[in-house]
Amino acid sequence: MLRTRLFFGLLTLMLLLWGVGAAALLLVRDANRRYESSLQENYPAIKLTRGFRTLTSALNTHYLPVLAAVPETPVPDRARFDSSKAELLTRLETLRGAGDSDTGWDDVVERLDHELLSYFDGYERLFSGQVRSQDERAKLLDYMSTQTQRITDLSDNIFMLADARMLGETVRSSAESSKNTLFVVTLVLLGTGIAIVIYYQLVRHLVDPVVGLRRSIEEIRKGNFELTLPEPGSDSEFRSVATAFNDMAAELRVRRGETNERLLRTNLVNRAILEAIPSPVFVLGEDGRILQVNPAAERLTESLGVADRLPAKIQRILDESNVSGDNHLPEDPREALLFRIDEREFYYLPRIFSFTSEDGLYSGRAVLLHNVTRIRWLDDMKTNLLSTVSHEIKTPLTGIRMVLHLLLEERSGGLSAMQKTMVTSANDDCERLLSTLNALLDLSRAESGSTHLERVPVPLREAMGRAERLFAAKAAEKNVSIHAEAPEGLPEVNADPVRLDEVLNNLVSNAVKHSPAGGKVMLRASQPDADHIRVSVIDEGPGVPEGAQNRIFERFFRAPGQETEGVGLGLFICREIMRAHEGRIGLKERTEEQTEFFIDVPIA
Amino acid sequence: MFPLPESGVADAPARYKVLVVDDEPTLRLGFSYALSDHDTDTAANGSEALMKLDSGSYDLAILDLRMPDIDGLRVIEALRRHGNFLPVVLCSAVITPSAALRAITGQVVDFLLKPVRPDELRGIVQHILAGDGDPFAQAMAHARAGRHDLAIHDLEAMENQDERVRAWLGILRAIRTGSLEAEAAAFGRLERDGLGALAYRVPEI
């Protein structure tokens, strides 16, 4: 592990540092001590040797002048000599002790000892008083000065020796210190070596993998997922990083594979969908260039001779809707565009819608050409059929009715009671057939005409008034009263007045029809929400049977047990009309013996 | 050939010569019976009708729109080309807006929607030939003579602006303007409302 390696490497380095420091301290202390001990050893010797000369010369100065003086001059008291002698002997002993088995040293000390004894000997002779003659005195004096000289020389010798010994010590310690220097230098070199090793270790185990990782990341950024990092040994922290990285690269590889696959699949699905659509489809980019067309579109453009382009008529609509920014989604087949292909007429309804990707980055438009040729043909057929049927039925019916009416007028002769009943019955059937036929024609008109509203602002009060007036007479016959009430200041509604009247008339007609004698029919305007005005038509009839309430707006539905005439189209037509108005029609729950139908008409 | 309306309602109604043109025998019979107060003649198809109208003099023709050989509109156009401005009632189960426009420009302004009741038939004859003196009949008389401006003027002057009057005003104004757009608008309105408003109804008195 790099961590342990680093730890131990740095620990070694640290120990080395500590070692070098400690060694240096020790060495300095050792040198100091050595110097001090040599000083301690040699300095007293030097001091002692100095003492020999002073002491002897002091003795000589004190006693020897006697020898040079006239004879018979008394010799001074020997007390001073004795103390000096003891002093000298002590010093000698000390010197001898400081000799430390140095032969040169001991030898000189021995000789000093010897000379000292001779010296003392001389003084003993002096004190004994044996020396009387001038001659003898002179000889003694001479002897004494010689001895003194020798002692001085010897003590100088010893001083020299001590000095030499101190010098030798210095030389030795300097040799020692160069050895120490070598030692410290070695340690420092060793430390440097370890540092270098640690550096290379760091570089190998830390920097190299990071650099490798960076390169690999750049490779991946360029899209090269095929690359794997070499896995470092199991003791490296980077092993997990490299593994994770390789896993990531592998994952990316898989993902890219999946994405590619998904793209391919989506593409395939898209193509399948486009090819399955029988209508020509053009997918356009934001700039209006064609991105994709389906085979139907290819066939269309080829047969129109404008391969790979939008037909000019469609391009124009596209440009228009591009300017307005709206989708162009016509429903009415009458808005279809005519294309002539091989002498045949085709009607295509262009449906243009724009699309935007979820993130809003990409957008485009799609043009779907809905082939309404057949619808148009059917529409024409229906119109023709309707007029044919109505003509073919109405013409004979007109004859029948005419004849029946003439018979009933009894212009050409009276009818027996029986005959009259039969002709009246036939006439009633004829009338019913006619009203059914008219209702059917109304229905087809409502279904086909629901997109052709001519909507203008309409004051609802007036529409309600018209319905009230229209049915007043009919209601009066049944002894039913009609009241219309609308609050002042109601906003106008956006409606086709003719159609709106149709709806209101139908509702009021139903209300009157189902009102009991003496009942009341109410037309009431209100505003249920911000966008609509409501007209309620309320009657006091028996109401719509429970089970029929959900179905009353269905085509041809007639509530069971209903004996009044009708084919069950009125409310259906009303619903169609209200739907075309983007309004509502409904039946409220029965309350207080009242039935309430309502319509909600959008406010203008 | 515009017959002058007779003054007032005579005690004995005038007898007119009416040609009934229809391919349906029952209807020819019925119409003839219904108009037994007048002298009626019948034609079973367009060519026969044109022949009879060319040879004899009639006060009025009741013309079916759909006929096997020459349809009602072409009969009208042929008549007008020959300078015959006889009043014509166009009678059909369905009158399409384009047919109505063609008829009006051919100076035919009287429409009957099948199925027709006998009193409607009698009423329209009276309305056209006797002129019941009401302002609407006057206006229609102008329109029948091709004097659309006068017709519009009379219609505008009417007090009772009911659905019938408004429809006629719209159509006549559109035709007078002569612009394609106005005609298309009138056409659209006709399609929407059906021709109910233009057709003759028995005046509810």
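Calculation notes
- Residues numbered from 1 in each chain as written.
- Chains lettered and ligands numbered in written order.
- Predicted model: local features only at pLDDT ≥ 70, side-chain atom pairs only at ≥ 80, totals over all residues.
- Helix = DSSP H or I, 4+ residues; strand = E, 2+ residues; numbered from the N terminus.
- Buried ≥ 20, exposed ≤ 12 C-beta atoms within 10 Å, placed from the backbone.
- Core = buried A, V, L, I, M, F, W, Y, C linked by C-beta atoms within 7 Å.
- Pairing = 2+ DSSP bridges.
- Axes fitted to C-alpha atoms, helices over the stretch in contact; angles between N-to-C directions.
- Contact = placed C-beta atoms within 7 Å.

A. Region of the structure containing unusual backbone geometry. Note the cis peptide between Lys114(B) and Pro115(B), where omega equals 0°. Structurally, Pro115(B) can be placed in the loop between β5 (110-113) and α5 (118-130). Unlike most non-glycine residues, Glu582(A) shows phi in positive territory, near 60°. Tracing the sequence through the fold places Glu582(A) in the loop between α13 (570-580) and β11 (584-587). Assessed through the 14 C-beta atoms surrounding it within 10 Å, Glu582(A) is described here as partly exposed.

B. Structural view of the nonpolar core. Leu19(B), Ala61(B), Ile62(B), Leu63(B), Val89(B), Leu90(B) and Leu112(B) are the most contacted members of the largest nonpolar core, which has 60 residues in total. In terms of residue count, helix α9 (residues 373-409) of chain A provides more of this core than any other element does, six residues in total. Of all hydrophobic cores here, the second largest spans 34 residues; its members include Leu460(A), Val480(A), Ile533(A) and Phe572(A).

C. Quick peek at the sheet that holds strand β3 (residues 337-341) of chain A. All names here are of chain A. Read from one edge of the open sheet, five strands run β2-β1-β5-β4-β3, paired in antiparallel fashion. Two strands lie at the open edges of the sheet, namely β2 (290-293) and β3, each paired on one side alone. Going from strand to strand, the sheet's axes swing by 30° on average, the running direction of each strand aside. Bridge count between strand β4 (residues 344-356) and strand β5 (residues 363-371): nine bridges; the pairing is antiparallel. Residue Ile-352 lies in a different strand from β5, and its bridge partner there is Val-367. Together, β1 (281-284), β2, β3 and β5 form the strand contacts of helix α7 (residues 295-304), whose direction differs from that of β3 by roughly 70°.

D. Structural context of the environment of Asn322(A). Examined against the element boundaries, Asn322(A) turns out to sit in helix α8 (residues 312-324). Note: C-alpha distance between Asn322(A) and Ser354(A) (32 residues apart in sequence) is 9.2 Å.

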